[in-house]
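An overview of the molecular structure
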Amino acid sequence: MVRCSAAAAALTFGVLTAPALARCGNGSDFGPWLRDFKEEAVASGISPGTVETALAGVTFDKSVISKDRGQGVFSQTFLEFAGRMVASYRLQTGAAQIKKQRALFERIERDFGVPAPVIVAVWGLETDFGANTGDMNTLRSLATLAHDCRRPEMFREELLDALRIIERGDLSASEMRGAWAGELGQTQFLATNYLRYGIDYDGDGRSNLIRSVPDVLGSTANYLAQLGWRRGEPWLREVDVPTTMPWEQADLSIKHATADWEAAGVRAADGKPLPNLPASLYLPMGRNGPAFLSFHNFDVYLEWNESLVYATTAAYFATRLAGAGPVGKGNGPVDALSAAELKQVQQALAARGIDPGPIDGKLGRKTRTATRQVQLQLGLPADGWPDHALLAALR
C-alpha cells in the first residue's frame, strides 16, 4: 500500500544539484554514501548492531532504477486499467475471502469501521491476496532509491524506518523482501506507514504484514481509519449523466448535495436512491465516459494512493465486491490521447503559465485541473479530460 506512492512523488530534474546529478541512476559513490548513511542511522537512535547487521553487503541495484523510470501503467485510462485489474478471478477470490474470513472482518469493522470489500479490494489489487508480495531485497531497494537523485529524502526516511521495524522486532532483515520500491507485505506498506500503522492483530507480540493475515487486514483497516475513513458511509456510486450540463462542476474538489446533482440530471446507474451526503461528480474519462459520485471516503482512497487511475480502480473493485454491477462505458466514444500527446498538452499548459504538475504523460489531478482551466478559456466543454480537440486548440 503506497501513500505518496512511488509513482506519484517525483522531483524535477531541473532543480537538482551537481552532486545529485552525478549519481542519477548510476550508483556512483554508493559505498561512501552508505557509510555516511550508517552514521546518520546510528545518530538517529538506531543501534549500531541493527545498522551493521541489516546493511551488511547492501549494494546498488540498477534494476530498481530501471523500474522507477519506466512506470507506464499509470498512463492507462480507467477502463483499460480497471478492465485488466478487476478481473473475474479477483472478484471470485475476493468474495471467497470475505466469506472465509467473516469473523475476522466483523471484528475489524467493529474496531475500525472499514468494511470487508474495501480491505479485500486493496488486498487483491496489491498482491493477489498475498500470493505476490515481491521477492526483492527491501533494504537494497530502499538504499538504491535513497542514493538516487530523484527522491532521495523520501527514501532516506523509508530506509531509516525499515531499520526501525527491524529494531522493534517486527521483521528481520532477511524477512524484508517485497516490491521494487520497498513496499512490504500483503497490502504493500512503505516502511514509514508500516511503522506508523502496522498493528499486532493476532496477539503474537509483533506486527507481521508479510505472513499474518490478521495483522495484514487489521493494519490495512487501521491505516484507512487513521486517514479519515467514516464508518457506514459510501465511497463511490456509479451514475448516469446527461449529455449536457455544467461540466466545470465535475471536479473532485467540488462537492454538492446529491439532491443538487439529481436536479442537474444525474441519476444512480442502478436506479437505487442516492445517500443524502455531499458528493463530487467524478468523470475519470471525461463527459462521455463512466461517471461516479464520489463521497468523503473516496478522498481517503486518494490519501492512500495519489494515482487517480489506481485509487479509482481500487474503489471500483470494492464496489463490485459489495454487490455493484460492472461499470458502464458512458454516453459515447471517449477520445483518449496517447501518453506522448498528453505530454504535449502538459507542455502547452505549462507554456501558458498553467501548472499541469509533472510533465509525464500521466493524467493526475493537477493536469485535470489545468485542463479544465484552459478548456474554460477556450470555450470547450470543461470536463477536465484532455482530448484531440483540446490538443489542436493548444497547438
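Preceding block: the structure.
Reference entry: report on the structure contained in this document. All of these numbers come straight from a predicted model, not from anything done at the bench. Within each chain, residues carry numbers counting from 1 in the order of the written sequence. Where local features are concerned, this predicted model is filtered to residues with pLDDT of at least 70; where side-chain atom pairs are given and counted, the filter is 80 or more; whole-chain, interface and lining totals use all residues. Calculation of side-chain values draws on the structure's entire complement of heavy atoms; hydrogens and water are dropped beforehand.

**A short note on the overall build of the protein chain**
The helix and strand tally for the protein chain stands at 18 helices and seven strands. Relative to the globule expectation of 21 Å for 395 residues, the C-alpha radius of gyration of the protein chain, 22 Å, shows essentially globular dimensions. Seen through its C-alpha atoms, the protein chain measures out along the principal axes to roughly 65 × 55 × 30 Å. A simple rule labels every residue: compare its accessible area, found with a 1.4 Å probe on the protein chains alone, to the largest value its type can have, and call it buried under 20%, exposed over 50%, or partly exposed in between. Residues classed as buried in the protein chain amount to 54% of the 395 residues present. In this analysis, two residues are considered to be in contact whenever any of their non-hydrogen atoms come within 4.5 Å of each other. For the protein chain, contacts bridging at least 24 residues in sequence account for 70% of all contacts bridging at least 6. Secondary structure counts use DSSP, requiring at least four H or I residues in a row for a helix and at least two E residues in a row for a strand, with both numbered from the N terminus. For the radius of gyration, the atoms used are the C-alpha atoms, and the globule rule reads 2.2 Å times the number of residues raised to 0.38.

**Side note on the sheet that holds strand S6 (residues 278-282)**
Pairing in this open sheet of five strands is antiparallel, and the strands run S4-S6-S7-S3-S5 from one edge to the other. Two strands close off the open sheet at either side, each with one partner strand: strand S4 (256-257) and strand S5 (267-268). In this description, strands pair whenever DSSP reports at least two bridges between them. Bridge analysis of S6 against strand S7 (residues 292-294) gives three bridges, and the strand direction is antiparallel. Each bridged residue has a counterpart across the sheet, and for Tyr282 the counterpart in S7 is Phe292.

**Structural notes on the packing of aromatic side chains**
A ring pair, where both rings are aromatic, is described by two values, the distance of the centres and the angle of the planes. The criterion for an aromatic pair is that two Phe, Tyr or Trp rings (for Trp, the six-membered ring) have centres within 6.5 Å, with stacked assigned to planes under 30 degrees apart, edge-to-face to planes over 60 apart and tilted to the rest. All told, the structure shown has 16 aromatic pairs when counted by the stated rule. Taking 5.9 Å as the distance between ring centres and 65 degrees as the angle between the ring planes, the aromatic pair formed by Phe30 and Phe60 counts as edge-to-face. With a gap of 30 residues between them, Phe30 in helix H2 (residues 30-43) and Phe60 in the loop between helix H3 (48-55) and helix H4 (62-69) connect regions that are remote in the sequence. Given the relative accessible area of 13%, Phe60 is considered buried. An aromatic cluster is present here, built from Phe81, Trp229, Trp235, Tyr282, Phe298, Tyr301, Trp304 and Tyr310 joined pairwise through their rings. The positively charged end of Arg107 is found above the aromatic ring belonging to Tyr201, 3.5 Å away from the centroid. Here, a charge over a ring means that NZ of Lys or CZ of Arg falls within 6 Å of the ring centre while also lying within 35 degrees of the ring normal.

**Thoughts on the nonpolar core**
To qualify as a nonpolar core, a set must consist of buried Ala, Val, Leu, Ile, Met, Phe, Trp, Tyr and Cys residues joined through side-chain atoms within 4.5 Å. Ranked by internal contacts, the top residues of the largest apolar core, which has 102 residues, are Leu55, Ile108, Leu139, Leu163, Tyr301 and Trp304. Those residues in contact with Tyr301 that sit more than four places away from it in its chain are Val118, Trp229, Trp235, Ala311, Ala314, Ala315 and Ala318. Ranked by size, the runner-up nonpolar core spans 15 residues in total, among them Met245, Trp261, Leu274 and Leu293.

**Examining the side chain of Gln188**
Positionally, Gln188 belongs in the loop between strand S2 (177-178) and helix H11 (191-197). A distance of 3.5 Å separates a polar atom in the side chain of Gln188 from the backbone oxygen of Thr133. We call two N or O atoms a polar contact when they sit within 3.5 Å, provided that within protein one can donate a hydrogen and the other can accept it, with sequence-adjacent residues counted only if both atoms are side-chain atoms.

**Some words on the pairing of strand S3 (residues 236-240)**
Across three bridges, S3 lies against S7 in antiparallel orientation. Residue pairing across strands places Leu236 opposite Ser294, the latter belonging to S7. Summarising the sheet, S3 and S5 pair through two bridges and their orientation is antiparallel. Across the sheet, the residue bridging to Val239 is Ala268, located in S5.

**Section: the environment of Ile98**
With respect to the secondary-structure elements, Ile98 resides in helix H6 (residues 88-100). When the C-alpha atoms of Ile98 and Leu321 are compared, they prove to be 9.0 Å apart, with 223 residues separating the residues in sequence. If near-sequence neighbours (up to four positions away) are discounted, Ile98 is found in contact with Phe105, Ala116, Pro117, Val120 and Leu321.

**Concerning the pattern of salt bridges**
Any Lys or Arg side-chain nitrogen found within 4 Å of a carboxyl oxygen on Asp or Glu counts as a salt bridge. On inspection of all chains with the given rule, the structure shows 16 salt bridges. A salt bridge links Lys255 to Asp299, with the nearest nitrogen and oxygen atoms 2.9 Å apart. Of the two residues, Lys255 sits in the loop between S3 and S4 while Asp299 sits in helix H14 (residues 296-304), which places them 44 residues apart along the sequence. Overall, Lys255 belongs to the partly exposed group, its relative accessible area being 33%. Under the relative-accessibility criterion, Asp299 is labelled partly exposed at 24%. Ionic contacts of the salt-bridge type, sharing partners, join the residues Asp68, Arg150 and Arg151 into one network.

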